[in-house]
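Observations on chain architecture
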Amino acid sequence: MTQGATRRGRDETEEERADRMWGELIQEVRVAQTGVQILFGFLLTVVFQPKYVQLATVDQVIYIVTVVLGACATGALIGPVSLHRLVSGRRVKPQAVRLASRLTFVGLVLLLATMTSALLLILRVATHDSYVPYLVAAVVAWYLVCWFGLPLWARRRHTTHSDDGHRS
């Protein structure tokens, strides 16, 4: 390599790349799993509170939808761990990483829906004010910017044509 040339990417086999990507993915999933499990655990206790029966029917429906979304998010975010355990040693890690990555993305979308629904329920019960949908929409917009907008912008801005075949 000449002094003026810059090296891009890594010199790794497909299996080495899959191992690295798997490690990175599992670290990301750990963060998301913790959040969704705490939220889901909290949601499961709400129905056992005396005030639950006093909620308006629409709020009870929002609660049920929130719990189901939380359960689905939990399943999607725990899915990569189960996937890894069931295919470990089968020489399919590159394919498993791609599938686990998709499951994680679905889990993040479901987590977004769960948090939106939970925020809507909490603010409706806490305030009963007409500004609640606007406040929830503003928070969702913030989540979308942080979770998807900035990462997609960075991916587009900093990915070169030579990187297209080697996304991590």
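Now for a look at the structure at hand. Just so you know, these numbers come straight off a predicted model, no measurement behind them. The residue numbering used here restarts from 1 in each chain and proceeds along that chain's sequence as written. Local features are withheld for residues below a pLDDT of 70 in this predicted model, meaning they are given only at 70 or higher, and side-chain atom pairs are given and counted only at 80 or more; totals for whole chains, interfaces and linings count all residues. Water and hydrogen atoms were dropped before computing side-chain values, which therefore reflect all heavy atoms in the structure.

**What about the overall build of the protein?**
Working definition: helices are DSSP H or I runs of at least four residues, strands are E runs of at least two. Numbering for both runs from the N terminus. In terms of regular secondary structure, the protein is built from four helices and zero strands. Reading the protein from its N terminus to its C terminus gives the helix and strand order α-α-α-α. Residues count as neighbours in contact if any of their non-hydrogen atoms are within 4.5 Å of one another. Residue pairs at least 24 apart in sequence account for 75% of intrachain contacts in the protein once pairs closer than 6 positions are excluded. Under the convention used here, a 1.4 Å probe and the Shrake-Rupley method define accessible areas, while residue burial counts only the protein chains that appear. Accessible area for the protein stands at about 11600 Å²; split by element, carbon and sulfur atoms hold 62% of it.

**Some remarks on helix α3 (residues 93–127)**
Residue count minus one, scaled by 1.5 Å, sets the expected span of a helix. Between the first and last C-alpha of α3 there are 49 Å, a value that for 35 residues agrees with the 51 Å anticipated at 1.5 Å per step. Of the residues one or two after α3, His 128 is the one with positive phi, at around 60 degrees.

**Some words on unusual backbone geometry**
For Arg 91, which is not a glycine, the phi torsion comes out positive at approximately 60 degrees. Its location among the elements puts Arg 91 in the loop between α2 (57–87) and α3. Positive phi, normally seen in glycine, also occurs at His 128, with a value near 60 degrees. Inspection of the secondary structure assignment puts His 128 in the loop between α3 and α4 (132–158). Residue class for His 128 comes out exposed when judged on its relative accessible area of 65%. Residue exposure (1.4 Å probe, protein chains only): buried if accessible area is under 20% of the type maximum, exposed if over 50%, otherwise partly exposed.

**Let's talk about the packing of aromatic side chains**
Classification of ring pairs rests on two measures: the distance between centres of Phe, Tyr or Trp rings, Trp counted by its six-membered ring, which must be within 6.5 Å, and the angle between planes, read as stacked under 30 degrees, edge-to-face over 60 and tilted in between. Under the defined criterion, the tally for this structure stands at four aromatic pairs. Aromatic side chains Tyr 52 and Tyr 63 sit 5.3 Å apart centroid to centroid with 65 degrees between the ring planes, which places their arrangement in the edge-to-face category. On the criterion of sequence distance, the pair formed by Tyr 52 in the loop between α1 (14–46) and α2 and Tyr 63 in helix α2 is long-range, its members being eleven residues apart. With 5.1 Å between their ring centres and 15 degrees between their planes, Tyr 143 and Trp 147 make a pair best called stacked. Here Tyr 143 pairs with Trp 147, and both are found in helix α4, just four residues apart, close to one helical turn. Taking the relative accessible area as the measure of exposure, Tyr 143 reaches 18% and is therefore buried. The class for Trp 147 is partly exposed, based on a relative accessible area of 28%. By way of ring pairs, the aromatic residues Phe 105, Tyr 143, Trp 147 and Phe 148 are connected into one cluster.

**Quick notes on the layout of surface pockets**
Two kinds of site are reported from a 1 Å grid over the protein atoms alone, namely cavities, where a 1.4 Å probe fits but cannot get out, and pockets, open sets with protein on both sides within 12 Å along at least five of seven lines, and residues are called lining when an atom falls within 4 Å of a point. Grid points are joined across faces, edges and corners, and a volume is the space filled by probe spheres set on the points. Considered as a void within the structure, the second largest pocket measures approximately 260 Å³ in volume. Together, 14 residues line the second largest pocket, and Val 46, Leu 55, Leu 121, Ile 122 and Val 125 are the ones closest to its centre. Of all elements in the fold, only α1 and α3 reach the threshold of two or more residues within the lining of the second largest pocket. The element best represented in the lining of the second largest pocket is α3, accounting for five residues. Residues that form the lining of the second largest pocket fall into these classes: eleven nonpolar, two polar and one charged. Only Asp, Glu, Lys and Arg are considered charged, only Ala, Val, Leu, Ile, Met, Phe, Trp, Tyr, Cys and Pro nonpolar, and every remaining residue, Gly among them, polar.

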